[in-house]
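An overview of the molecular structure
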Amino acid sequence: MPAMIETRSLRKVYPAASRKRVTPARGTPTPAGGVRHPTPHRGTGEIAALDGLDLEVQEGEFFGLLGPNGAGKTTTIGVLTTRVNATSGEAYVAGKNVVTDQVAVRRRIGVVPQRPNPDRGLNVIENLLFHGAYFGLSHAVAMQRAMALLEQFEIADRAYAKVDELSGGQQQRLMISRALLHEPRVIFLDEPTVGLDPQARLALWDILRILHAQGRTIVMTTHYMQEADELCDRLAIIDRGKLLALDTPSRLMAQAPGSTLIDLTLEGDCPAAAILCRAINGVQRVDEEPAGLRAYSDRGGELIPALIHAAEEAGCHVQNINLSKPSLETLFVALTGRKLA
Amino acid sequence: MKPDALDDAPLPVSDVFFAMLRRDIRVARRELPFFLLRTTMQPLLLMVVFGYLLPKMGMVAKGYTATLLPGVVSLSLALSAVQSVSLPMVAQFGFSKEIEDRLLAPIPSHLVALELVTAGTLQGLFAGLFVLPVGRLIMGAIPGLGFSNSLQILSVMLLGAATFSALGLLIGCAINPQQIGLMFSSIIGPMIFFGCMYYPWKGLDSVPVMKYAVLVNPLVYVAEGMRATLTPAVPHMDLTVIAIALVALLLFFWYLGLRAFMRRAVT
């Protein structure tokens, strides 16, 4: 069966002047021993938001795009939803080319934006009815589906309210209703839970699980590890427009180096400390960080005294210690050298 | 899940286009009181001051209303058309992103721009037609206003509204929300004062530089066109020249406006 979504060496380069989609990296981008990425800043100062991205999403799959701000997640969604023209490469949604067959692609997709963007000139139900009209639904069909969706998402009592009167979570549910109204084959959600309170976030997860159970293909971007872990069948970890890892959450987790990640914040610059720490039995890898060292331990927190001792021996004072259990987060840090959020 | 075939069922772009037009009419109808206030306040005040008060005081000649009335009608029409496209565009592209639902509708993006300009043209036309009888009430009989040349009047209005609507698309897509005040002081202001609204173009004979410089201003042609049709006794440009100029400006603004729109619609 052909893939529902396919991208082939997708590249998107923004000229130097327009940096709006790319935020600068936090911290030092390339840890010693970590995966080294080609810098996105080319000689001319242009920025590659996508740098040769190959993806394949199967029908019915819940697919997650995970990465920090500026990783290229939104640009990827933009290309797949016909709103961003790739500089090179190809992308297909439901077998249709996103550039040459835009209208056909738009008919097959539903998009839930990062920030709710309801039509504020219209009330809640009109938002859905006009959306239905844009997709050729008759008034009766649109009305029936709209009410059913509003019921399902528990905002039917707000059907005739102005959209500005809805809470953030309600607006988000209206956006999902709108994206589903024309029964698209693929649903794109761009950071759907950003800005929602924990309760609304859990409610949204439930909705997404139901949609998934209905057999819809879902592509979601997120920078919340837990969200990706809970919901997605497969995850693509991307950073700086490149695919770093792609697998099921559990298998990705198994790839995380060491079992535990220990961050040591050190006073001053101590290359000697790294050498001593690497020699400790049970330490798999040590990366030098601007603020200190990052050690990957396969004996959990047990190695902390030894690490402190090694650092002190090298003449470095340990200011702080942070321990992270193995998770997608630690894998992400190992792959990119930076934290997600 | 629906069968694949449904996704390929014919969906004429005209259906989508008219659904969007219905949306704009629905929104405009809901905002009608504000719309009328916004588009007619200035022309109404102008008519009261220049058409009624000043002639009464003897500050301007009685016949001045004949010069001013076409100008006033063209001003409401132009302002209404340009604002009804540019103001929502600035907001919807700039921060509310409301336009995205329409940009993701199954219709080529340039037709979304065409729909916006069409809706703006209708609003401009509506504003012009609304001001006309108001002017009649304040300023007295309008010599050219009759059934016989209604087609000419409507044609000038339609062309003028379309031109300004296309200009609205260009302005709305090209400027940032922060610059909206600047738009009024730097574009709309001079356009009004040098738009042959208060005086016929012929009156600029004594200032030749100005006479030819104002020809880039689309309001000149709308005002002159209204003069030619509503008050033919006042000196005015030839209607053919007016039509050609308006069509040329319309195409020019549409070309630039569409380019700016597409740059925002697909990045």
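Residues numbered from 1 in each chain as written. Chains lettered and ligands numbered in written order. Predicted model: local features only at pLDDT ≥ 70, side-chain atom pairs only at ≥ 80, totals over all residues.

Thoughts on the overall build of chain B
In terms of helices and strands, chain B carries 11 helices and 0 strands. Secondary structure elements of chain B occur, N-terminal to C-terminal, as α-α-α-α-α-α-α-α-α-α-α. Scaling as 2.2 N^0.38, a compact globule of 267 residues should have a C-alpha radius of gyration of about 18 Å, and chain B matches this with 20 Å. Considering only C-alpha atoms, chain B reaches an extent of 75 × 40 × 35 Å along its principal axes. (Helix = DSSP H or I, 4+ residues; strand = E, 2+ residues; numbered from the N terminus. Rg over C-alpha atoms; globule rule 2.2 N^0.38 Å.)

Some words on the overall build of chain A
A tally of regular secondary structure across chain A gives 11 helices and 14 strands. Put simply, 74% of the contacts in chain A that link residues at least 6 apart link residues at least 24 apart. (Contact = placed C-beta atoms within 7 Å.)

A short note on the interface of chain A and chain B
Contacts between chain A and chain B engage 26 residues on the former and 24 residues on the latter. Within the residue set of the side of chain A that touches chain B, elements represented by two or more residues are α2 (102–108) and α3 (124–134) of chain A. With 5 residues, the top contributor of residues to the side of chain A that touches chain B is α2 of chain A. A breakdown of the residues in the side of chain A that touches chain B according to their chemical character gives 9 nonpolar, 8 polar and 9 charged. (Nonpolar A, V, L, I, M, F, W, Y, C, P; charged D, E, K, R; others polar.)

Things to note about unusual backbone geometry
Residue and element names in this part refer to chain A. The backbone phi angle of Thr82 is positive, close to 70°, even though this residue is not glycine. Secondary-structure assignment places Thr82 in the loop between α1 (73–80) and β4 (88–93). Its identity as a non-glycine residue notwithstanding, Ala94 has a phi of 50°, on the positive side. Considering the arrangement of structural elements, one finds Ala94 in the loop between β4 and β5 (96–97).

Notes on the pairing of strand β10 (residues 242–247) of chain A
All names here are of chain A. As defined by bridge partners, strand β9 (residues 234–239) adjoins β10 across 5 bridges and the pair is classed as antiparallel. Bridging from a neighbouring strand, Leu235 pairs with Asp247 of β10. What sits between β9 and β10 in their antiparallel hairpin is a turn of 2 residues, with Arg240 showing a positive phi close to 50°. (Pairing = 2+ DSSP bridges.)

Focus on the nonpolar core
One finds Phe188, Ala273 and Cys277 of chain A together with Leu169 of chain B to be the most contacted residues of the largest nonpolar core, which totals 172 residues. In terms of residue count, helix α4 (residues 64–94) of chain B provides more of this core than any other element does, 15 residues in total. Each of domain 1 (5–253) and domain 2 (257–325) of chain A gives at least three residues to this core. Residue contacts for Phe188 of chain A: discarding those within four places in its chain leaves Ile77, Leu80, Thr81, Ile109, Val111, Val112 and Val219 of chain A. (Core = buried A, V, L, I, M, F, W, Y, C linked by C-beta atoms within 7 Å. Buried ≥ 20, exposed ≤ 12 C-beta atoms within 10 Å, placed from the backbone. Domains from an automatic or database assignment.)

Quick notes on the sheet that holds strand β13 (residues 292–297) of chain A
Sheet strands pair by backbone hydrogen bonding; their relative direction is either parallel or antiparallel. Residues and elements named next belong to chain A. If you trace the 4 strands from one edge of the open sheet to the other, you get β12-β13-β11-β14, paired in antiparallel fashion. The outermost strands of the open sheet, each flanked by one partner alone, are β12 (283–289) and β14 (317–324). Each strand of the sheet is rotated relative to its neighbour by a mean of 20°, with strand direction disregarded. Summarising the sheet, strand β11 (residues 260–267) and β13 pair through 6 bridges and their orientation is antiparallel. Considered in β13, the bridge of Asp263 is made with Arg294. Sitting on the sheet, helix α9 (residues 271–278) touches β11, β12 and β13, and the angle it makes with β12 is about 170°. (Axes fitted to C-alpha atoms, helices over the stretch in contact; angles between N-to-C directions.)

What to know about the packing of α4 of chain B against helix α7 (residues 150–174) of chain B
Residues and elements named next belong to chain B. Packing of α4 against α7 brings their axes to within 7 Å, and their N-to-C directions diverge by 30°. On the basis of their axis angle, the class for α4 and α7 is roughly parallel. Pair α4 / α7 crosses with right-handed handedness. The segment α4 lies against α7, with Ser74, Leu77, Ala78, Ala81, Val82, Gln83, Ser84, Val85, Ser86, Met89, Val90 and Phe93 engaging Met157, Gly160, Ala161, Phe164, Ser165, Leu167, Gly168, Leu169, Ile171, Gly172 and Cys173. Among the residues forming the contact of α4 with α7, the class breakdown is 15 nonpolar, 8 polar and no charged. (Parallel < 35°, antiparallel > 145°, perpendicular 65-115°, else oblique. Left-handed = near helix turned anticlockwise from the far one by under 90°.)

Some details on the sheet that holds strand β1 (residues 5–14) of chain A
Residues and elements named next belong to chain A. The antiparallel open sheet is built from 4 strands, whose spatial order is β2-β1-β4-β5. Each edge of the sheet is formed by a strand with only one pairing partner; in this case those strands are β2 (47–57) and β5. As paired elements, β1 and β4 share 5 bridges and run antiparallel to each other. Of the residues in β4, the one forming a bridge with Ile5 is Val93.

What about the confidence of the model for chain B?
All names here are of chain B. For chain B, the mean per-residue pLDDT works out to 87, and 98% of the residues sit at or above 70. No element of chain B has a lower mean pLDDT than helix α1 (residues 4–8), which averages 63, and none a higher one than helix α11 (residues 239–265), which averages 94. At the level of chain-chain contacts, confidence expressed as ipTM amounts to 0.87, with global pTM at 0.82. (pLDDT = per-residue confidence, 0-100.)

Regarding the environment of Ile125 of chain A
Residue and element names in this part refer to chain A. Mapped onto the secondary structure, Ile125 falls in helix α3. As for Ile125 and Gly45, which are separated by 80 residues in sequence, their C-alpha atoms are 46 Å apart. Not counting residues up to four positions away in its chain, the partners in contact with Ile125 are Ala146, Ala159 and Tyr160.

Quick notes on the packing of α7 of chain B against helix α10 (residues 218–230) of chain B
Residues and elements named next belong to chain B. One can describe the packing of α7 onto α10 by two numbers: an axis separation of 9 Å at closest approach and a directional angle of 170°. With respect to each other, α7 and α10 are oriented roughly antiparallel. Listed contacts from α10 to Gln152, Ile153, Val156, Gly160, Thr163, Phe164 and Leu167 of α7 are Pro218, Val222, Gly225, Met226, Thr229 and Leu230. Of the residues assigned to the contact of α7 with α10, the class counts are 8 nonpolar, 5 polar and no charged.

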